[in-house]
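One-letter residues, chain by chain:
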Amino acid sequence: MVASTTKVPFVDLNRQYDEVGAEIEERVLAVLRSGRYISGPEVSQLEDEFAKFCGALFAVAVNSGTAALHIALLSLGIGPGDEVITVAHTFVATAEAIVAAGARPVFVDIDPATCNMDPKGIAAAITPQTKAILPVHLYGQPAQMDEIIALGERYAIPVIEDACQAHGATFAGHAAGSMGSIGCFSFYPSKNLGAAGEGGIAVTNSPELAARMRQLRDHGQAKRYHHEAMGYNYRLPEIQAAVLRVKLPRLAGWNASRRAAAASYDSLLAGLNLGTVAQADKTSSVYHLYVVRTPQREMVAKALGQSGIATGVHYPIPVHLQTPFREYGQGEGSLPNTEAAAREVLSLPMFPEITQEEISTVIEQLTAVLGGPR
Ligand SMILES: *Cc1c(COP(=O)(O)O)cnc(C)c1O
């Protein structure tokens, strides 16, 4: 192979900063000069604006997506002895939050076409201990929320959405995070809406759940030094809220750019010997990641890397097979679709500012590696 100088990054946060940096610096400087660094106007306005963005009534800002999941579970009263149904084909934080709440994660398999929770597996996993269903909107595509919500209603089990990769995605016109009892988002820098550091938020239509989550994120206090519940310090700093408020009005446009890049990949990849992640009816993904599938993943990733194209794997080891989760008893072979996906998925460069030329470069190299159209 000819050594190439081509460089296509997996994600390039600097390009976004070129667009919004000046405004962010102005707003962050204003926070620094205000002397108000915690629980101030930036956080409460971000909460109003993000709730509106999701079509939800309330939003509770916290300092990570993991914290959002943790307080979501706790606010629903979930704890020791309880079970929460989720997927193992996800970032580990989904399951970590369940364990942090004291509950037991019960993993169901994914639909091999979409890589999202397969609703067909849920009913069989429900026991008298099941206290929540926690689907993940993986790669930016909402899970089958009509079926999942219907099951939740039938068994009177709340649904918590892990929307950490799906800010702005929709299912049947409903925003990700707004369909279950609570929706949880991450503002990790590379997420579709990213802070300049850590951040997260939980949205809900329930005033009771919102109030409980506000207490939990702030040492369990309802008013100062009156600690009514065991709580945490999960508060989002004002500086991060200021950064996020500059970016939020641009999120829809950035998501549209991701969708256009994905459409480009879709059409250019059509002739190649590669599996794809199907987009289910009624879903509109925000393509946090653009994922293909191939049994020759290691070879393909290595060849692309040698031509300067960065790729990722989300995720190589499913959660049920990670060391601290083995004690929950779901061993190798228990989730065949999940385990197959973990062996085959490969994430291609994807970010709003990716150029058509960069996408073409990725396709050219993939074509070279895979030996042309099938
Ligand atoms: C990023 C992510 C989280 C955790 O968010 P943090 O802000 O990093 O704590 C949880 N679930 C999924 C699916 C994620 O992608």
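Residues numbered from 1 in each chain as written. Predicted model: local features only at pLDDT ≥ 70, side-chain atom pairs only at ≥ 80, totals over all residues. Heavy atoms only, no water.

## Observations concerning the overall build of the protein
And step 1. Within the protein, the regular secondary structure consists of twelve helices and 15 strands.
And step 2. For 374 residues, the compact-globule estimate of 2.2 N^0.38 gives 21 Å, and the protein sits close to it at 21 Å.
And step 3. Dimensions of the protein along its principal axes, counting C-alpha atoms only, are 65 × 55 × 35 Å.
And step 4. Expressed as a percentage of the 374 residues in the protein, the buried residues total 56%. (Helix = DSSP H or I, 4+ residues; strand = E, 2+ residues; numbered from the N terminus. Rg over C-alpha atoms; globule rule 2.2 N^0.38 Å. Buried < 20%, exposed > 50% of the residue type's maximum accessible area, 1.4 Å probe, protein only.)

## Some remarks on the pairing of strand 14 (residues 290–293)
And step 1. On strand 14, burial covers both faces: Y290 and V292 on one face and V291 and R293 on the other are all buried.
And step 2. Bridge count for strand 12 (residues 275–276) against strand 14 is two bridges, and the pairing is antiparallel. Its bridge partner lying in strand 14, T276 is registered against V292.
And step 3. Bridge count between strand 14 and strand 15 (residues 345–348): four bridges; the pairing is antiparallel. Following the sheet pairing, Y290 is matched in strand 15 by L348. (Pairing = 2+ DSSP bridges.)

## As for the pattern of salt bridges
And step 1. A complete count under the given rule lists 16 salt bridges for this structure.
And step 2. Between E358 and R15 there is a salt bridge; the shortest N-O distance is 2.7 Å. Taken together, the residues span a long stretch of sequence, with E358 in helix 12 (residues 356–370) and R15 in helix 1 (residues 13–34) at a distance of 343 residues.
And step 3. Among the residues examined, E358 registers a relative accessible area of 11% and is labelled buried.
And step 4. Sharing partners across several salt bridges, the network here consists of E19, E23, R27 and R250. (Salt bridge = Lys/Arg side-chain N within 4 Å of Asp/Glu carboxyl O.)

## Observations regarding the packing of aromatic side chains
And step 1. Enumeration according to the criterion identifies eight aromatic pairs in this entry.
And step 2. Between the aromatic rings of F50 and F185, the centroid separation amounts to 4.9 Å while the plane-to-plane angle is 75°, which identifies the pairing as edge-to-face. Residue F50 is found in helix 2 (residues 41–54), and its partner F185 is found in strand 8 (residues 182–186); the two are separated by 135 residues along the sequence. The burial state of F50 is the same as that of F185; both residues are buried.
And step 3. Ring geometry for Y232 against Y234: centres 5.1 Å apart, planes inclined by 10°, an arrangement best described as stacked.
And step 4. Residue Y234 is classed as buried on the basis of its relative accessible area of 18%. (Phe/Tyr/Trp six-rings, centres within 6.5 Å; stacked < 30°, edge-to-face > 60°.)

## Considering the sheet that holds strand 12
And step 1. Overall, antiparallel pairing links the three strands, which are arranged 12-14-15 in an open sheet. If you trace the sheet from one side to the other, it starts and ends with strand 12 and strand 15, each paired once.

## Examining the sheet that holds strand 9 (residues 200–204)
And step 1. Here we have four strands laid out as an open sheet, ordered 1-9-8-5, and mixed in their pairing. The strands lining the two open edges of the sheet, one partner per strand, are strand 1 (58–62) and strand 5 (160–162). Strand after strand, the sheet turns through a mean of 20° between neighbouring axes, direction not considered.
And step 2. Where helix 3 (residues 65–75) meets the sheet, its contacts fall on strand 1, strand 5, strand 8 and strand 9, and the angle it forms with strand 8 comes to roughly 165°. (Axes fitted to C-alpha atoms, helices over the stretch in contact; angles between N-to-C directions. Contact = heavy atoms within 4.5 Å.)

## Here's the deal with the nonpolar core
And step 1. Membership of the largest hydrophobic core comes to 30 residues, with the highest contact counts inside it found for I85, M117, I122, Y139, M145 and I148.
And step 2. Of all the secondary structure elements, the ones that give two or more residues to this core are strand 2 (83–87), strand 3 (104–108), helix 5 (122–125) and helix 6 (145–155).
And step 3. Per-element tally for this core: the top contributor is helix 6, with four residues.
And step 4. Sequence-distant contacts of M117, defined by excluding residues within four places in its chain, comprise I85, T86, V87, V108, D109, I110, D111, I122, I133, L134, P135 and I148. (Core = buried A, V, L, I, M, F, W, Y, C linked by side-chain atoms within 4.5 Å.)

## With respect to helix 7 (residues 207–217)
And step 1. Three or more residues of helix 7 are buried, namely L209, A210, M213, Q215, L216 and R217.
And step 2. Contacts made by the buried residues of helix 7 are with helix 2, strand 1, helix 3, strand 8, strand 9 and strand 10 (221–223).
And step 3. A positive phi of about 60° marks H219, the residue just after helix 7.

## Notes on a nonpolar patch on the surface
And step 1. The grouping of L29, L32, Y37 and I38 at the surface amounts to a nonpolar patch, some 340 Å² of accessible area in total.
And step 2. Turning to its location among the elements, I38 is positioned in the loop between helix 1 and helix 2. (Patch = residues over 30% accessible without salt bridge, like charges linked within 9 Å, V, L, I, M, F, W, Y side chains within 5 Å. Areas by Shrake-Rupley, 256 points an atom, 1.4 Å probe, with all protein chains shown as cover.)

## Some remarks on the site of the ligand
And step 1. Residues in close proximity to the ligand total 15 residues, the closest being G65, T66, D162, S186 and K191.
And step 2. Residue D162 places a side-chain N or O atom 2.8 Å away from a nitrogen atom belonging to the ligand.
And step 3. The separation between an oxygen atom of the ligand and a polar side-chain atom of Q165 is 2.8 Å.
And step 4. Surface burial for the ligand is 94%, taken as the share of its 380 Å² of free accessible area covered by protein chains.
And step 5. Among the detected pockets, the ligand sits in the largest pocket.
And step 6. Elements with a contribution of two residues or more to the shell around the ligand: helix 3 and helix 4 (93–100).
And step 7. In terms of residue count, helix 3 provides more of the shell around the ligand than any other element does, three residues in total. (Near = heavy atom within 4 Å. Polar contact = N/O pair within 3.5 Å; in protein donor to acceptor, adjacent residues only side chain to side chain. 1 Å grid on protein atoms, 1.4 Å probe; cavity = no way out; pocket = protein on both sides within 12 Å on 5 of 7 lines; lining within 4 Å. Sits in = over half its atoms within 2 Å of the grid points.)

## Quick word on the environment of D146
And step 1. Among the structural elements, D146 can be located in helix 6.
And step 2. On the accessibility criterion, D146 (31% relative accessible area) is partly exposed.
And step 3. Through-space distance from the C-alpha of D146 to that of A172 is 8.5 Å; in sequence the pair is 26 residues apart.
And step 4. Residues within four places of D146 in sequence aside, it is in contact with F171 and K282.
And step 5. For D146, the side chain forms a polar contact with the side chain of K282, separated by 2.6 Å.

Just geometry here; none of it tells us what the structure is for.
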